[in-house]
Amino acid sequence: MTRRSELLMPAGSLQKLKMAVLYGADAIYMGTPDMSLRSKSDMSLEDVVEGVQFAHQHGKRVYLTLNLFSHNKDIDKLPHYLETVRKVQPDGLIVADPGVFMFVKEHAPELELHVSTQANVCSWQSVKFWEQLGAKLCVLGREVSYEELCEIREKCPDIKLEAFVHGSMCMTYSGRCLLSNFMAERGANQGSCANSCRWKYKVHMKLKDGTRHELNLTDENLELFEFFLEEEIRAGELMPIQEDERGSYILNSKDLCLMPKLDELLRIGVDSLKVEGRGKSPYYVAVVARAYRMAIDDYNRDPENWRPDTYLRELATVPNRGYTLAFHDGRLTNYGHGYEDGSNLAEWEYAGIVTRVEDDAFIIEVKNKIETGDVLEFVSPKRQETVLIRLYEFENAENGKVTEAVHAGQKPYIRVPFSAFDREDPAVMHSDFPEMTIIRKERALAQHEWDRLRLDKTAQNRELGKGSDKTYEKRREQTQLSLDERAAGRVFRTPRTGKEGCCGRGCNGCLIFWHDPAYGKARDVLANKKQGELLDRDLAASLVTETVPEAATEAAE
């Protein structure tokens, strides 16, 4: 019988832990900042105690991280940390340092020991080594290919295996990086990585007289230069440095996303599917957990007809650096790096969170600015369908004041009555969108950001054997050009501004779509579609009358 895989989510704070539980994680990993490779973690030992209790009350497992490489100064902290850990009784303790492993095994033999990815376990022989020492689970390095993973699973049937499926990638060997130490005196292996690999770099030249100059590339001299690295032992094997007059993010890996190959991991029974991101936002935790929860459950119900497309669209709403399969198919390709830009980007952003559900309304904490005409999407932790609502004014939950815009800086709370959802059952809204429900909204992007998103999608398709290199290079050049024109105005993909225009999704509360006679035929078609599904461009053009602005026929590109 194939093993059932658990979904393992990160928690950098108590709120994120609760978010992971609500949105479908089977297990959560967390730790305190001084001992767990996350110096910016908001978890105190008291939070750890409360978090473990909360998770266990909801039938979820918790793994604590103790995966630093210890220096002498860290040893004195171990007894106190271990004493606290024993009291809260986690379901596993994640360790990388052999000395720490032996200390825990000797002083707390009842704790289940998991070997961290920091230990760089990449072979079945290494798995067996840790198994013989008493480890119950090995977290495999991100460098392990699917072919290798299959062999490890076959040769090591009696120990649990954990593999990363989503999150940031380190350009070095499973986080064993010295670049941050060198550039910023911040130890990556002590939890303080400065992410130096995400910085932008330029080539400089030094003349014979000792003076140094930036090598400015222009239209006139660009064709005169090519830049290569030559490794000493590989004489003549020249590796190109991809840089132009804009500089280069040569060390910037895209984010891991194995959703297109998730069925392969589920088929061979990987025990734990791990998502990176203890430093990410609650929005990231909720949406990523939701996407993988839906994908895993749908696969278990009908593996033969499982397809990744729906879940990939969901993951695209989370800011990312572009997605890559990384080492899943073997050697990392050039599509796995973002040479043009190192920012996290998405078409949607975190709009708010439901903090209280009253008898007749939601109380929402606003996380990013919202203004009249914005479409808010309520992302349910209980069902796959989301609910969209378009609002034209906002009621302050504390003083009742009504405004046309809300700024997030003062942590405002707004009240959205169930009556505003004119196409939804209030009872269903009350049950399917509980406290801590995430809300997102469309984000206005500049042209270079739209081009970057299209390039990311093209690169992802190329890794999957779709599309062509010609299209990829064309979109890459377009992205590079638009990066030089960043002053361009930001626009929504859908043609609506404030109270004017319509996005074509058929949202709750949309005065334009549901009341304008010009959309009559379109409403009939949309009635047979899922809410939120955009009208096809050609179909919209044939359905909407000439009284509607031309832009409204371009609701879906």
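So, here's what we can say about the structure. Please read all numbers here as calculations on a predicted model, not as lab measurements.

**A closer look at the overall build of the protein chain**
Phase 1: When you go through the protein chain residue by residue, the secondary structure sums to 17 helices and 26 strands.
Phase 2: Split into buried and exposed, the 557 residues of the protein chain put 52% on the buried side.
Phase 3: Of the contacts formed within the protein chain by residues at least 6 apart in sequence, a portion of 68% connects residues at least 24 apart.
Phase 4: Counting only carbon and sulfur atoms, one obtains 49% of the accessible surface of the protein chain, whose full area is about 26,600 Å².

**Brief notes about the packing of aromatic side chains**
Phase 1: One pass over the full model with this rule turns up 13 aromatic pairs.
Phase 2: A centroid spacing of 4.9 Å and a plane angle of 85 degrees characterise the contact between Y335 and Y472, whose relative ring orientation is edge-to-face. Of this pair, Y335 sits in the loop between β14 (323-324) and β15 (348-357) while Y472 sits in helix α14 (residues 469-483); the two residues are 137 residues apart in sequence, bridging distant segments of the chain. The pair formed by Y335 and Y472 is uniform in burial state, with each residue classed as buried.
Phase 3: With 5.1 Å between their ring centres and 80 degrees between their planes, F513 and W514 make a pair best called edge-to-face.
Phase 4: Relative accessible area serves as the criterion here: at 0%, F513 is assigned to the buried category.

**A short note on the pairing of strand β3 (residues 61-66)**
Phase 1: Where burial is concerned, most of β3 is hidden: five out of the six residues are buried.
Phase 2: Pairing geometry for strand β2 (residues 27-30) and β3, over four bridges, is parallel. Along β3, the bridge assignment pairs M30 with L64.
Phase 3: Two strands pair when backbone bridges link them, and β3 and strand β4 (residues 92-95) are joined in this way by four bridges, in the parallel orientation. The partner of L64 across the bridge, within β4, is L93.

**Brief notes about the side chain of K261**
Phase 1: As for its position among the elements, K261 is in the loop between β12 (255-257) and α9 (262-268).
Phase 2: No salt bridge is formed by the buried K261; the nearest opposite charge belongs to E264, separated by 4.1 Å.
Phase 3: Not counting chain neighbours up to four residues away, the residues in contact with K261 comprise L325, H328, D329 and L464.

**Let's talk about the nonpolar core**
Phase 1: L64, L93, M259 and L262 are the most contacted members of the largest nonpolar core, which has 91 residues in total.
Phase 2: Ranked by the residues each element gives to this core, the list is headed by helix α10 (residues 282-301), at 13 residues.
Phase 3: Beyond its immediate stretch of four places on either side in the chain, M259 contacts A291, Y292, A295, W306, P308, Y311, L312 and L315.
Phase 4: Membership of the second largest hydrophobic core comes to 20 residues, among which are V354, L376, L391 and M429.

**Points about a positive patch on the surface**
Phase 1: On the surface, R313, K457, K466 and K530 cluster together to form a positively charged patch.
Phase 2: Tracing the chain through its elements places K530 in the loop between α16 (520-526) and α17 (537-543).
Phase 3: Overall, K530 belongs to the exposed group, its relative accessible area being 60%.

**Here's the deal with helix α4 (residues 78-88)**
Along an α-helix, residues three or four positions apart point the same way, because every turn accommodates 3.6 residues.
Phase 1: Along α4, the residues classified as buried are L78, Y81, L82, T84, V85 and V88. Angular distribution of buried residues about the axis of α4 spans 160 degrees; they occupy a single face of the element.
Phase 2: Buried positions along α4 lie against α2 (45-57), β3, α3 (72-75), β4 and α5 (98-107).
Phase 3: Immediately downstream of α4, the backbone of Q89 shows phi near 55 degrees, a positive value.

**Digging into the packing of helix α1 (residues 14-22) against α10**
Phase 1: Running from N to C, α1 and α10 point in directions that differ by 15 degrees, and their axes come no closer than 9 Å. Our classification of the angle between α1 and α10 gives roughly parallel. Note on packing geometry: the crossing formed by α1 with α10 is right-handed. Contact residues: α1 offers Q15, K16, M19 and A20, while α10 offers P282, V285 and A286.

**What to know about the pattern of salt bridges**
Phase 1: All chains considered together, the criterion is met by 32 salt bridges.
Phase 2: Its salt-bridge partner being R356, residue E358 comes within 2.9 Å of it at the nearest N-O pair.
Phase 3: Between R443 and E449 there is a salt bridge, with its nearest N and O atoms 3.9 Å apart.
Phase 4: For R443, a relative accessible area of 23% gives the class partly exposed.
Phase 5: The network of salt bridges with shared partners includes E349, D374, K441, R443 and E449.

Cut-offs applied
Residues numbered from 1 in each chain as written. Predicted model: local features only at pLDDT ≥ 70, side-chain atom pairs only at ≥ 80, totals over all residues. Heavy atoms only, no water. Helix = DSSP H or I, 4+ residues; strand = E, 2+ residues; numbered from the N terminus. Buried < 20%, exposed > 50% of the residue type's maximum accessible area, 1.4 Å probe, protein only. Contact = heavy atoms within 4.5 Å. Areas by Shrake-Rupley, 256 points an atom, 1.4 Å probe, with all protein chains shown as cover. Phe/Tyr/Trp six-rings, centres within 6.5 Å; stacked < 30°, edge-to-face > 60°. Pairing = 2+ DSSP bridges. Lys, Arg positive; Asp, Glu negative; His and termini not counted. Salt bridge = Lys/Arg side-chain N within 4 Å of Asp/Glu carboxyl O. Core = buried A, V, L, I, M, F, W, Y, C linked by side-chain atoms within 4.5 Å. Patch = residues over 30% accessible without salt bridge, like charges linked within 9 Å, V, L, I, M, F, W, Y side chains within 5 Å. Charge placed at Lys NZ, Arg CZ, Asp CG, Glu CD. Arc of directions from axis to C-beta. Axes fitted to C-alpha atoms, helices over the stretch in contact; angles between N-to-C directions. Parallel < 35°, antiparallel > 145°, perpendicular 65-115°, else oblique. Left-handed = near helix turned anticlockwise from the far one by under 90°.

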